[in-house]
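Listed below, chain by chain, are the residues.
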Amino acid sequence: MERVARVDRKTNETNIKLTFDVDGEGSSNLETGVPFLSHMLDLFTKHGQFNLTVDANGDIEVDDHHTTEDIGICLGQALREALGDKRGIKRYGNAFVPMDEALAQVVVDLSNRPHLEMRAEFPGQKVGTFDTELVHEFLWKLALEARMNLHVIVHYGKNTHHMIEAVFKALGRALDEATTIDPRIKGVPSTKGML
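Residues numbered from 1 in each chain as written. Predicted model: local features only at pLDDT ≥ 70, side-chain atom pairs only at ≥ 80, totals over all residues. Heavy atoms only, no water.

The name an unreviewed UniProt entry assigns to the chain is Imidazoleglycerol-phosphate dehydratase, from the organism Neobacillus citreus. Turning to the chain, the UniProt annotation filed under Sequence similarities (unreviewed entry) states: "Belongs to the imidazoleglycerol-phosphate dehydratase family." Per its UniProt entry, the chain bears the Pathway (unreviewed entry) comment "Amino-acid biosynthesis; L-histidine biosynthesis; L-histidine from 5-phospho-alpha-D-ribose 1-diphosphate: step 6/9." (UniProt positions renumbered as here; feature names shortened; annotations may be inferred.)

Here you go:
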C-alpha cells in the first residue's frame, strides 16, 4: 500500500502544493522561497528516507513567517493522511544527532494527541535572513496537524545553524523509525484499538 499524500493550501498569504511519500528514497524537490527552510527540509527528507515536493509561493516580502508556518501545516496534514489508520507502524521514534559541537534529540509518538515540547536556546536570532523563532512555529504546526506528540531537545551547542540542522536531521530519523512497519504488530500499536 502506498503511503503518499498531496496537500494543496491556498490563502491570501500563501499558495502551497506539497507531496509527501513516507516510503521514499530521501529525494526532495523544494521551491519554498525561504532558502534556510529549504535547506532544513532537504536534510529532514534525506535523513528520514522520505520523498518530499514543495511548491510554495508566500508573502516573503513581509517576512518568512506565513510561508514557514503554512508549510508546517501542509507537511503535518500530509503525514497524517499518508499514514492512514496507522496499522502496523512502530508509533514511537527517538533519534540523537550530533552536528559538530551541537547535539539534538527528537522523540515522537504518532499518538493522535498533538503536543510540542521544545527545549532549545539558540544563541542567534537569525540564520542568514531566517528568524530562528520560526523553528518553533514550524514544529508546532507540524505536530498539531500530524496530531503527534513531538519532543525536541537541543542538549547543547554554540552555533545556531548547527543546532537547528541537528534538530531537522533528528526529526527525519525519529519519524522514519516511528513510521516503519513492524510485521510483528497486528493492527495498531495501542491498547485502545485505534490511534
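The structure having been displayed, the exposition proceeds.
Novice: Where do I start with the overall build of the chain in this structure?
Specialist: Tallying secondary structure elements over the chain gives four helices and 10 strands in all. Judged by the C-alpha coordinates and their principal axes, the chain covers about 50 × 40 × 30 Å. Residue burial in the chain is summarised as follows: out of 195 residues, 52% are buried. Long-range pairs, those at least 24 residues apart, make up 76% of the contacts in the chain between residues at least 6 apart in sequence. For the chain, the accessible area works out to roughly 9400 Å², and carbon and sulfur atoms hold 46% of it. If you average the places of the 22 positive and of the 30 negative side-chain charges in the chain, the two averages end up 9 Å apart. (Helix = DSSP H or I, 4+ residues; strand = E, 2+ residues; numbered from the N terminus. Buried < 20%, exposed > 50% of the residue type's maximum accessible area, 1.4 Å probe, protein only. Contact = heavy atoms within 4.5 Å. Areas by Shrake-Rupley, 256 points an atom, 1.4 Å probe, with all protein chains shown as cover. Lys, Arg positive; Asp, Glu negative; His and termini not counted. Charge placed at Lys NZ, Arg CZ, Asp CG, Glu CD.)

Novice: Hey, could you run me through the sheet that holds strand β10 (residues 149–156) in this one?
Specialist: As a general point, the strands of a sheet are linked pairwise by backbone hydrogen bonds and lie either parallel or antiparallel. With respect to topology, four strands assemble into an open sheet ordered β5-β6-β10-β7, the strand pairing being mixed. A single partner strand is all that each edge strand has here, and the edge strands are β5 (92–99) and β7 (115–119). Here the strands of the sheet are splayed against their neighbours by 10 degrees on average, with no regard to which way each runs. Those strands touched by helix α4 (residues 160–179) are β5, β6 (102–109) and β10, and its axis lies near 150 degrees from that of β5. (Pairing = 2+ DSSP bridges. Axes fitted to C-alpha atoms, helices over the stretch in contact; angles between N-to-C directions.)

Novice: Could you clarify how one ought to interpret the pattern of salt bridges in this entry?
Specialist: Two side chains with opposite charge may pair up if their charged atoms get near one another. Going through the model one piece at a time under the given rule, you end up with 11 salt bridges. The residue Asp 23 makes a salt bridge to Arg 3 at a minimum N-O spacing of 2.7 Å. Highlighted residues: Asp 23 in the loop between β2 (14–21) and β3 (27–31) and Arg 3 in the segment before β1 (4–10), separated in sequence by 20 residues. Notably, a salt bridge pairs Asp 182 with Arg 184, separated by 2.7 Å at the nearest N-O pair. Relative accessible area serves as the criterion here: at 69%, Arg 184 is assigned to the exposed category. Through salt bridges with shared partners, a single ionic network connects Glu 69, Glu 137 and Lys 141. (Salt bridge = Lys/Arg side-chain N within 4 Å of Asp/Glu carboxyl O.)

Novice: Explain the environment of Ala 174 here, please?
Specialist: Here Ala 174 shows up in helix α4. Measuring from C-alpha to C-alpha, the distance between Ala 174 and Asp 109 comes to 9.4 Å, with 65 residues separating the pair along the chain.

Novice: Before we go on, may I ask you to explain the packing of helix α3 (residues 133–146) against α4 in this structure?
Specialist: Axes are the key here: two packed helices are described by the angle between their axes and the distance separating the axes. Closest axis-to-axis distance for the α3/α4 pair is 12 Å, and the angle between their directions is 15 degrees. Taken as axis vectors, α3 and α4 run roughly parallel relative to one another. Read as a crossing pair, α3 and α4 show a hand that is left-handed. Contact residues: α3 offers Val 135, Phe 138, Leu 139 and Leu 142, while α4 offers Ile 164, Val 167, Phe 168 and Leu 171. (Parallel < 35°, antiparallel > 145°, perpendicular 65-115°, else oblique. Left-handed = near helix turned anticlockwise from the far one by under 90°.)

Novice: So what exactly am I meant to see when it comes to the nonpolar core here?
Specialist: Side chains that are nonpolar tend, in soluble globular proteins, to be buried together. Judged by nonpolar contacts, the single largest core of 60 residues is most densely connected at Leu 18, Phe 20, Leu 139, Met 148 and Leu 150. Here this core takes 10 residues from α4, the largest share from any one element. Discounting residues that sit within four places of it in the chain, Leu 139 has contacts with Leu 116, Met 118, Leu 150, Val 152, Val 167 and Leu 171. (Core = buried A, V, L, I, M, F, W, Y, C linked by side-chain atoms within 4.5 Å.)

Novice: Mind showing me how you'd approach helix α2 (residues 65–83) here?
Specialist: When the terminal C-alpha atoms of α2 are compared, their 27 Å separation across 19 residues agrees well with the 27 Å that a helix rising 1.5 Å per residue should span. Burial analysis of α2 places 14 of its 19 residues in the buried class, which makes it a mostly covered element. Phi turns positive one or two residues past the end of α2, at Gly 84, with a value near 55 degrees. (Expected span 1.5 Å × (residues − 1).)

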